[in-house]
Amino acid sequence: MTYKNDNDKLYRYLFQNRAVRGEWVRLNQTFTETLNTHHYPKVIQNLLGEMMVATSLLTATLKFEGDITVQVQGEGPLKLALVNGNDKQQMRALARLQADVDEQMSLAQLVGKGVLVITIAPTEGERYQGVIALDKPTITACLEDYFVRSEQLQTQLFIQSGEYQGQPVAAGMLLQIMPDGSGSPQDFEHLATLTATIKEEELFGLSAEELLYRLYHEETVELFPAQPVSFFCGCSKERSGAALLLISDDEIDEVLAEHHGTIDMQCECCGTHYFFNKAAIQQLKSQAN
């Protein structure tokens, strides 16, 4: 049985006697809506699911107000995989392929020579960008290495992406030693070992409370209220129109002529169509001036 009330929610939890904190998130409707207008191969779907879970967990851990972008840039069949998120746990994702992919391809085969780029744009304060080498078998392993090197914090991620009861689902857990220096590496390793026993059907099918009890029934765990997670694109006719104004008048006239007097601007993330005819474009130019 799926506990639907815990779908598309992120939970934070704390081990009272261990100085270790954790997070758990499961994406169902959020993941489905992200994939809704695309027909990605399963291997790409699963990669996007892994990246979306990782972005959600990262956002909750870093505790900032603003936007976050996690993207894979490659020279292989997968040119780009991108997740946009924010502190409200709203996110969207897309992938761009430049060659056919095989379902059995590894991350290295998909990306070729590539990097993982994390960009944080807080509402207030300076923009931050971290570039991570894709020199591990999974995105998860690369992010764990990033935390150890950049934050000097023991961190472990457990992420699964696939299908459950016929629906796309992606879920994951994060364990991290407390940043105040009070935690012991031995406590962290003990809890990481317990967490590693998790089964895919437990991650995809149990409520947060039941999952934590099953993993840590001998520990004292404080579970905090959930934060909802949702798909949110943020596209608009105004933004599409602004992009049109970057094109020269001659090019716009050519496109209008080729497409029977109407330009169709389709959002790459959510698939929404925005239509502009000659009169609408003239109005945009007047407003811009």
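The preceding data block contains the structure.
Not measured: the values here are computed from a predicted model. Each chain has its residues counted from 1, running along the sequence as written. Where local features are concerned, this predicted model is filtered to residues with pLDDT of at least 70; where side-chain atom pairs are given and counted, the filter is 80 or more; whole-chain, interface and lining totals use all residues. Hydrogen atoms and water are omitted, and side-chain values are computed over all heavy atoms in the structure.

Draft legend 1. The arrangement of the packing of helix α9 (residues 249–258) against helix α10 (residues 278–288) in detail. Inter-axis angles, ranging from 0 to 180 degrees, are taken between N-to-C directions of lines fitted to C-alpha atoms, where helices are fitted over the stretch in contact. Strands are runs of DSSP state E lasting at least 2 residues, helices are runs of H or I lasting at least 4, and numbering of each runs from the N terminus. For the pair α9 and α10, interaxial distance at closest approach is 11 Å and the crossing angle is 160 degrees. The angle between α9 and α10 places the two elements in the roughly antiparallel class. Remark: the crossing between α9 and α10 carries right-handed chirality. When α9 is examined against α10, the residues Asp249, Ile252, Asp253 and Leu256 are found in contact with a partner set consisting of Lys278, Ile281 and Lys285. Nonpolar residues are Ala, Val, Leu, Ile, Met, Phe, Trp, Tyr, Cys and Pro. Charged residues are Asp, Glu, Lys and Arg, and all others, Gly as well, are polar. Taken together, the residues of the contact of α9 with α10 break down into three nonpolar, no polar and four charged. The labels follow the angle: roughly parallel below 35 degrees, roughly antiparallel above 145, roughly perpendicular from 65 to 115, and oblique for the rest. Crossing handedness is read from the near helix: turned anticlockwise from the far helix by less than a right angle, it gives a left-handed crossing, and turned clockwise, a right-handed one. Contacts were defined at the residue level, with two residues in contact if any of their heavy atoms lie within 4.5 Å.

Draft legend 2. Structural context of the environment of Ile159. Topologically, Ile159 is positioned in strand β8 (residues 155–164). Remark: exposure states derive from per-residue accessible area (1.4 Å probe, protein chains only) relative to the maximum for the residue type, with buried under 20%, exposed over 50%, and partly exposed in between. By relative accessible area, Ile159 is classed as buried at 15%. Residues Ile159 and Phe231, spaced 72 residues apart in sequence, show a C-alpha to C-alpha distance of 19 Å.

Draft legend 3. A look at the pattern of salt bridges. Between Lys or Arg on one side and Asp or Glu on the other, a salt bridge is scored when a side-chain nitrogen of the former is within 4 Å of a carboxyl oxygen of the latter. Scanning all chains against the criterion turns up ten salt bridges. Its salt-bridge partner being Arg18, residue Asp187 comes within 2.8 Å of it at the nearest N-O pair. In this pair, Asp187 is assigned in helix α5 (residues 185–195) and Arg18 in the loop between β1 (9–15) and β2 (20–27), connecting sequence segments 169 residues apart. Across the pair Lys136 and Asp145 runs a salt bridge, and its minimum N-O distance is 3.8 Å. Each member of the salt-bridge network shares a partner with another, and the members are Asp135, Lys136, Asp145 and Arg149.

Draft legend 4. Spotlight on the packing of aromatic side chains. Classification of ring pairs uses Phe, Tyr and Trp, with its six-membered ring standing for Trp, and accepts pairs whose centres are within 6.5 Å; under 30 degrees between planes counts as stacked, over 60 as edge-to-face, and the remaining range as tilted. Taken as a whole, this structure holds six aromatic pairs when the rule is applied. For the pair Tyr146 and Phe147, a centre-to-centre distance of 5.7 Å together with 65 degrees between the ring planes defines the contact as edge-to-face. A single burial state applies to Tyr146 and to Phe147, both of which are buried. Among the aromatic residues, those joined into a cluster by ring pairs are Tyr13, Phe15 and Tyr216. In this scheme, Lys NZ or Arg CZ marks a charge over a ring once it lies within 6 Å of the ring centre and within 35 degrees of the ring normal. Sitting over the ring of Phe276, Lys237 keeps its end group 5.2 Å from the ring centre.

Draft legend 5. Focus on a negative patch on the surface. Within this analysis, patches are made of residues with over 30% relative accessible area and no salt bridge. Like charges are joined at 9 Å or less; nonpolar side chains (Val, Leu, Ile, Met, Phe, Trp, Tyr) at 5 Å or less. Computed with the Shrake-Rupley method and a 1.4 Å probe, the accessible areas treat only the protein chains shown as cover for residues. Residues scored as positive are Lys and Arg, those scored as negative are Asp and Glu, and His as well as the terminal groups of each chain are ignored. For this purpose, a charge sits on NZ of Lys, CZ of Arg, CG of Asp or CD of Glu. On the surface, a cluster of negative charge is made up of Asp250, Glu251, Glu254 and Glu258. With respect to the secondary-structure elements, Glu251 resides in helix α9.

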